[in-house]
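Residue strings, one per chain:
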Amino acid sequence: MAASLNGLMILVIVFLCLSLQSASSPAPAPAPSPYNLLEFTCDKTNDYPVCMKILKSNPQTASASNPLDLARAALNLAMADTSIAREQITVLSRSQKTQPGLRKPIERCIQWYDSAVREFNVSTRELVEDPMSANYDVGVAGIQAYYCENGFVSAQLQVPAEIASLNEKLWSFSRIASAVTDTLQQDYS
Ligand SMILES: *[C@@H]1O[C@H](CO)[C@@H](O)[C@H](O)[C@H]1NC(C)=O
């Protein structure tokens, strides 16, 4: 009697363990389509239309099929775009049309943009091992736009329109990169 009761108890325990195990590991959700991945990402940026426009404009970001591919592609795009912006600021700093008083803060922006490219670059190397640091570094990249702008504001100078729009773009890339690196830390698929 005692033996068969023990046997029954063991069966019940085994059954409970099996059902608990299956409850804690639900079937994975179906893989998201690239479009869903972009929407999911851009929803986090508070800048949905601009984010979608940027990510759909590039074949690598537009076709990324998982969060890591999207993060890599978005950071490459951010690096390339910020490098081009840096060159545009360099041209502006040397232009004869630039007011002499604006030259110094414009030259400082070149350095802030160098830092932004560097932060995006560092972030790409952290995506797999340390997405939390990758997320932090792309935030730091965005702050460089603020430093650039502040060079004019603190000297009571008007921010040149061309620089204001480059700063806006750098902010957008930072927000997008922040969203993609945030997704890496989630159980997305
Ligand atoms: C990123 O960093 C690596 C290592 O420092 C460097 O070789 C590479 O040129 C950098 N890429 C860009 C786009 O700056």
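Residues numbered from 1 in each chain as written. Predicted model: local features only at pLDDT ≥ 70, side-chain atom pairs only at ≥ 80, totals over all residues.

A look at the overall build of the chain
For clarity, the cut-off: Where helices and strands are cited, they refer to DSSP runs of H or I of at least four residues and of E of at least two residues respectively, numbered from the N terminus. Any residue with 12 or fewer other C-beta atoms within 10 Å of its own C-beta is exposed, any with 20 or more is buried, and the rest are partly exposed; the C-beta atoms used are placed from the backbone. Once C-beta atoms have been placed from the backbone, residue pairs whose C-beta atoms lie within 7 Å are recorded as contacts.
Each helix and strand counted, the chain has eight helices and zero strands in total. Helices and strands appear in the chain in the N-to-C order α-α-α-α-α-α-α-α. A total of 189 residues make up the chain; the buried ones form 32% of that total. Summarising the internal contacts of the chain: among those between residues at least 6 apart in sequence, 69% fall at separations of at least 24.

A word on the environment of Gly101
As for its placement among the helices and strands, Gly101 is situated in helix α6 (residues 100-124). Assessed through the 9 C-beta atoms surrounding it within 10 Å, Gly101 is described here as exposed.

Things to note about the nonpolar core
We count it as follows: Take the buried Ala, Val, Leu, Ile, Met, Phe, Trp, Tyr and Cys residues, join any whose C-beta atoms are within 7 Å, and the set you get is a nonpolar core.
In this structure, Ala74, Ala78, Ile89, Phe120, Ile176 and Ala177 are the most contacted members of the largest nonpolar core, which totals 38 residues. Elements with a minimum of two residues in this core: α2 (34-42), α3 (48-56), α5 (67-94), α6, α7 (131-153) and α8 (161-184). With 10 residues, the single largest contributor to this core is α5.

Observations regarding α5
Selection rule: Take the residue count of a helix, subtract one, and multiply by 1.5 Å to get its expected span.
With 28 residues, α5 should cover 40 Å at 1.5 Å per step; its first-to-last C-alpha distance of 41 Å lies within 8% of that length. Buried within α5 we find Pro67, Leu70, Ala71, Ala74, Leu75, Leu77, Ala78, Met79, Thr82, Ala85, Ile89 and Leu92.

Looking at the confidence of the model for the chain
Stated formally: Residue-level confidence of the predictor is summarised by pLDDT, bounded by 0 at the bottom and 100 at the top.
For the chain, per-residue confidence averages 87 on the pLDDT scale, and residues scoring 70 or more make up 80% of the total. Confidence drops under pLDDT 50 across residues 16-25; counting only partners more than four residues distant or on other chains, this segment forms zero contacts.

Some details on the packing of α5 against α6
Formally: Working convention: axes come from line fits to C-alpha atoms, limited for helices to the stretch in contact. Angles between N-to-C directions cover 0 to 180 degrees. For classification purposes, an angle smaller than 35 degrees is called roughly parallel, one larger than 145 roughly antiparallel, one from 65 to 115 roughly perpendicular, and anything else oblique. Crossing chirality is assigned from the near helix's rotation relative to the far helix, an anticlockwise turn below a right angle marking it left-handed and a clockwise turn marking it right-handed. Residues are grouped as follows: nonpolar covers Ala, Val, Leu, Ile, Met, Phe, Trp, Tyr, Cys and Pro; charged covers Asp, Glu, Lys and Arg; every other residue, Gly included, is treated as polar.
For the pair α5 and α6, interaxial distance at closest approach is 9 Å and the crossing angle is 165°. Judged by the inter-axis angle, α5 sits roughly antiparallel to α6. You can see that α5 and α6 cross each other, and the crossing is left-handed. Class assignment for the residues of the contact of α5 with α6 results in 13 nonpolar, seven polar and five charged.

Some remarks on α6
The first and last C-alpha atoms of α6 sit 37 Å apart over 25 residues, in line with the 36 Å expected at 1.5 Å per residue. Taken residue by residue, α6 has Pro105, Ile106, Cys109, Trp112, Tyr113, Ala116, Val117, Glu119, Phe120 and Ser123 as its buried positions. Looking at the buried side of α6, the elements it contacts are α5, α7 and α8.

A closer look at unusual backbone geometry
Phi angles above zero are rare outside glycine, and Asn46 is one such case at about 60°. Judged by the 10 C-beta atoms lying within 10 Å of it, Asn46 falls in the exposed class. Phi is positive for Gln156, which is not a glycine, with a value near 55°. With respect to the helices and strands, the residue Gln156 is situated in the loop between α7 and α8.

Focus on the environment of Leu127
Following the sequence through the fold, Leu127 ends up in the loop between α6 and α7. Under the C-beta neighbour-count criterion, Leu127 is labelled partly exposed, with 19 such atoms within 10 Å. Sequence separation of Leu127 and Leu184 is 57 residues, and the distance between their C-alpha atoms is 7.8 Å. In this structure Leu127 touches Leu68, Ala71, Arg72, Ala134 and Leu184, once residues within four positions along its chain are discounted.

Considering the packing of α6 against α8
Two numbers describe how α6 lies on α8: the axes approach to 12 Å, and their chain directions differ by 15°. Of the possible angle classes, the one that applies to α6 and α8 is roughly parallel. As for how α6 packs across α8, the hand of that crossing is left-handed. Of the residues in α8, those touching α6 at Ile106, Cys109, Ala116, Phe120 and Ser123 are Ile163, Leu170, Ala177 and Thr181.

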